[in-house]
Amino acid sequence: MIRRAILLGTGSALPARAVSNAELAQTVDTSDEWIVERTGIRNRYIAGDGETTASLAADAAQAALDAAGVAAQDIDLIILATATPDQTFPASATRVQAALGIDDCVAFDVAAVCSGFLYAMTVADSMICSGAARRALVIGAETFSRILDWEDRTTCVLFGDGAGAVVLGAEESADGARGILASKLHADGRHNGLLYVDGGPSTTQTVGKLRMKGQEVFRHAVVNLASVLNEVMATAGLSNSDIDWLVPHQANARILDATARKLKLSPDRVVVTVDRHANTSAASVPLALDCAVRDGRIKPGDLIVLEAMGGGFTWGACVLRV
Ligand code: UT7
């Protein structure tokens with residue numbers, strides 16, 4: 001028998017306040033034309049008072065539990081990917097645990113910025129396949145609006161807040177046909193200085209603001225994403241033509257187009273939500289996944305590939321049969 005982590009349900013949550021490019025242009029020296037042309041972004045959601053990474057994560061997790069038909073008490077593992085936790089500690093995952101009313105489980109955060117959800121999925125998959133967990137909540141949640149420098153138009157127009165979650169469950173079958181088939185992660189810390197936050201508890205004792213050399217990140221993103229996707233498909237013994245849906249990290253529509261071109265994937269096989277949500281870092285992949293499941297694009301039996309790249313650099317991909 002083959003034990004795999006299978007997808008039982010998805011969910012997402014967004015702050016109440018949507019902010020269009022036009023609204024942003026009232027306070028930032030930018031324009032709807034520039035943002036749409038360079039990034040494909042038209043809208044983002046910005047967390048208000050009382051909306052935090054953990055509260056958005058808990059709402060997304062509850063939606064995923066409802067979709068999966070799984071009771072919160074049946075969860076034995078919560079992994080929350082975030083670079084914007086509610087507090088330095090405790091882990092925001094434990095705040096989600098408390099909000100969901102789960103008495104006892106394993107709960108921790110993973111920090112791999114925009115690739116965080118891929119890192120969290122890979123850890124959850126390993127724990128499920130090893131028998132260390134049976135039912136896992138894997139969440140990506142961020143409130144990047146709180147670490148943006150609103151005076152820096154080269155970054156502040158690019159990001160938004162939100163959360164996405166999946167419920168994974170252990171399944172044993174003779175053929176292991178569905179579930180997570182392969183995943184692959186990478187990091188290259190030589191590029192720390194291209195995308196980072198200029199503060200932290202151990203250095204400045206401040207939270208800090210996001211800094212990015214956008215063009216250099218862009219260049220690395222297309223190369224790394226195409227290469228890790230080829231790598232994960234080869235590990236799974238599949239080819240790119242087997243992919244029903246690519247669910248990529250939503251940083252920039254031009255990165256999505258360039259990556260799809262490099263991989264010879266039709267653009268209509270790529271889930272795009274960057275226009276609606278902007279870049280929500282670790283939340284972007286599970287948010288996009290939940291949208292495509294709920295609007296009926298992703299159906300049982302589909303082969304989907306998740307991929308992301310972000311600060312560190314970190315990057316990764318995961319192939320699963322729904
Ligand atoms: O999630 C982690 C991964 N992150 C990413 O993947 C982000 C990757 N990078 C990008 O998406 C793009 O590089 C950006 C969207 C950040 C920038 O696009 P670009 O086409 O590389 O623009 P640029 O940085 O070359 O800037 C072009 C011009 C500059 O003006 P000059 O020097 O040509 O006169 C900028 O000052 O656009 C100007 N500019 C803006 N203008 C209006 C930069 N930001 C803005 C803005 N509004 N918000």
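Residues numbered from 1 in each chain as written. Predicted model: local features only at pLDDT ≥ 70, side-chain atom pairs only at ≥ 80, totals over all residues. Heavy atoms only, no water.

## Things to note about the overall build of the chain
So, point 1. From N to C terminus, the chain includes ten helices and 13 strands.
So, point 2. Along the first, second and third principal axes, the C-alpha atoms of the chain reach 60 × 45 × 40 Å.
So, point 3. A burial count over the chain gives 55% of its 322 residues as buried.
So, point 4. Partitioning the intrachain contacts of the chain with sequence separation of at least 6 by distance along the chain shows that 76% fall at a separation of at least 24. (Helix = DSSP H or I, 4+ residues; strand = E, 2+ residues; numbered from the N terminus. Buried < 20%, exposed > 50% of the residue type's maximum accessible area, 1.4 Å probe, protein only. Contact = heavy atoms within 4.5 Å.)

## Topic: the domain arrangement of the chain
So, point 1. Under the domain assignment used here, the chain contains domain 1 (2-173) and domain 2 (179-321).
So, point 2. Centre-to-centre separation of domain 1 and domain 2, based on C-alpha positions: 14 Å.
So, point 3. Of the residues lining the interface, 53 residues belong to domain 1; the matching set on domain 2 comes to 49 residues.
So, point 4. Across the interface of domain 1 and domain 2, roughly 3900 Å² is buried in total on both sides, 64% from carbon and sulfur atoms.
So, point 5. Between domain 1 and domain 2 we count one salt bridge in total.
So, point 6. Between D149 and R211 there is a salt bridge, with the nearest N and O atoms lying 2.9 Å from each other.
So, point 7. At the junction of domain 1 with domain 2, the criterion picks out 23 residue pairs in polar contact (both at pLDDT 80 or more).
So, point 8. Listed by contribution, the elements that provide at least two residues to the side of domain 1 that touches domain 2 are strand 1 (2-13), helix 2 (32-39), strand 3 (43-46), helix 3 (53-68), helix 5 (116-130), strand 6 (135-143) and strand 7 (161-173). (Domains from an automatic or database assignment. Buried area = accessible area lost by both parts, 1.4 Å probe. Salt bridge = Lys/Arg side-chain N within 4 Å of Asp/Glu carboxyl O. Polar contact = N/O pair within 3.5 Å; in protein donor to acceptor, adjacent residues only side chain to side chain.)

## Remarks on the pairing of strand 6
If a strand is regular, its side chains alternate between the two faces of the sheet.
So, point 1. In terms of burial, strand 6 is a largely internal element, eight of the nine residues being buried.
So, point 2. As paired elements, strand 4 (residues 77-81) and strand 6 share five bridges and run parallel to each other. Across the sheet, the residue bridging to I78 is L137, located in strand 6.
So, point 3. Bridge count between strand 6 and strand 7: nine bridges; the pairing is antiparallel. Counted as the bridge partner of I139 is A165 from strand 7. (Pairing = 2+ DSSP bridges.)

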